[in-house]
Amino acid sequence: ADNMQRILSLAVAITTNDVIENETLISSWMDVFDNVVGQVAFEYTAMVAVNPILEMIDRKSPIPKRKKGNKLLMSLARNCGEDAFDEEDQILRKVLATCGDPNYAIRLDGVIFLRDYLSVNAEKLKEGCRLENFYLEELYELLNDEESCVRIEAIEASIEVLDVMG
């Protein structure tokens, strides 16, 4: 467990570092983050990863930095799931905020995550109220998005949900 925590800490330090410009290195460490984040106790993940990621996705950050931060946020959300949302509700708020971002590229990241997340977790989500209270409401908004690529992804996500619910 200690080694995984050290690896996660390194992955966060490298992927959130603005000085490192080697895209291959960053991409590789983002893959490491994706593979490790769900294997470490969430309390530790919250302590080392949440704030640096939230700083990256701030609307004042440049778009490339925000997209990188969104990738880390979505990885954290996908790997830690509903339990993480229960413990750290700002993660869910930030994931849903990407779906309503003024920049369509950020909204597209959000709706693609939502589609994938709902298809993988739909059975578990049926048991709780979050599907109905948050995700379906967000999907409805995305179905009316001004960008056709966002609407298409929202339609696909809706079909995934309907398949599971049906």
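Structural data are supplied above this passage.
A brief structural summary. Just so we're clear, the structure is a prediction, and the values are computed from it rather than from any experiment.

Digging into helix H8 (residues 148–165)
Between its first and last C-alpha atoms H8 spans 25 Å; for 18 residues at 1.5 Å apiece the expected length is 26 Å, and the two agree. Of the positions making up H8, those classed as buried are Val-150, Glu-153, Ala-154, Ala-157, Ser-158 and Val-161. Around the axis of H8, the buried residues are gathered within 145 degrees of arc, so they sit on the same side. Among the exposed residues of H8, those oriented more than 90 degrees off its buried face are Leu-162 and Asp-163.

Let's talk about the packing of aromatic side chains
Within the structure shown, the criterion is met by 3 aromatic pairs. The interplanar angle of 25 degrees and the centroid separation of 5.3 Å between the aromatic rings of Phe-113 and Tyr-117 together place this pair among those described as stacked. With Phe-113 and Tyr-117 both in helix H6 (residues 104–127) and 4 residues apart, this pair spans about one turn of that helix. A connected cluster of aromatic rings, assembled from ring pairs, spans Phe-85, Phe-113, Tyr-117 and Tyr-135.

Quick notes on the packing of helix H5 (residues 89–99) against helix H7 (residues 130–143)
Where H5 meets H7, the axes come as close as 10 Å, and the angle between the chain directions of the two elements is 20 degrees. In this view, H5 runs roughly parallel relative to H7, as classed from their interaxial angle. Classified by chirality, the crossing of H7 by H5 is right-handed. Residue-level contacts link Leu-92, Leu-96 and Cys-99 of H5 to Arg-130, Phe-134, Tyr-135, Glu-138 and Leu-142 of H7.

Some remarks on helix H2 (residues 23–36)
End to end, H2 covers 20 Å across 14 residues, agreeing with the expected 20 Å (1.5 Å per residue, within 8%). Along H2, the residues that are buried comprise Ile-26, Met-30, Phe-33 and Val-36. One side of H2 carries all its buried residues, which in axial view fall inside an arc of 130 degrees. In H2, the exposed positions that point more than 90 degrees away from the buried face belong to Thr-24 and Asn-35. A distance of 3.0 Å separates the backbone nitrogen of Thr-24 from a side-chain oxygen at the start of H2, and that oxygen is part of Asn-22.

Here's the deal with the pattern of salt bridges
Applying the stated criterion across every chain yields a total of 12 salt bridges. As a salt-bridge pair, Asp-145 and Arg-107 come within 2.6 Å of each other at their nearest N and O atoms. One end of the pair, Asp-145, is in the loop between H7 and H8; the other, Arg-107, is in helix H6, with 38 residues separating them in the sequence. For Asp-145, a relative accessible area of 10% corresponds to the buried category. Residue classification places Arg-107 among the buried residues on the basis of a relative accessible area of 6%. Look at the salt bridges and you will find they share partners, linking Arg-115, Asp-116, Glu-153 and Glu-156 into a network.

How each quantity is defined
- Along each chain, numbering runs from 1 in the same order as the chain's sequence is written.
- Local features in this predicted model are restricted to residues whose pLDDT is 70 or higher, and side-chain atom pairs enter the listing and the counts only when it is 80 or higher, whereas totals over whole chains, interfaces and linings include all residues.
- Note that water and hydrogens are dropped before the side-chain values are worked out from all heavy atoms of the structure.
- Going along the chain from the N terminus, every DSSP run of H or I of four or more residues is numbered as a helix, and every run of E of two or more is numbered as a strand.
- Multiplying 1.5 Å by the residue count of a helix minus one yields the expected span of that helix.
- Exposure categories follow from relative accessible area, calculated using a 1.4 Å probe and restricted to protein chains: below 20% of the type maximum is buried, above 50% is exposed, and the middle band is partly exposed.
- Directions pointing from the helix axis toward each C-beta atom define the arc.
- Each Phe, Tyr or Trp ring (for Trp, its six-membered ring) is paired with any other whose centre lies within 6.5 Å, and the angle between the two planes then decides the class: stacked below 30 degrees, edge-to-face above 60, tilted in between.
- Every axis in this analysis is a line fitted to C-alpha atoms, fitted for helices over the stretch in contact. Angles between the N-to-C directions lie between 0 and 180 degrees.
- Oblique is the label for every angle not falling under 35 degrees (roughly parallel), over 145 degrees (roughly antiparallel), or within 65 to 115 degrees (roughly perpendicular).
- For any pair of crossing helices, the crossing counts as left-handed if the nearer helix is rotated counterclockwise from the farther one by less than a right angle, and right-handed if it is rotated clockwise.
- Whether two residues are in contact is decided by their heavy atoms, any of which lying within 4.5 Å being enough.
- Definition of a polar contact: a pair of N or O atoms within 3.5 Å, with one able to donate and the other able to accept a hydrogen when the atoms are protein atoms, and with sequence-neighbouring residues admitted only if both atoms are side-chain atoms.
- Salt bridges, as used here, are contacts in which a Lys or Arg side-chain nitrogen is within 4 Å of a carboxyl oxygen on Asp or Glu.

Any functional reading would require information that these geometric values do not contain.
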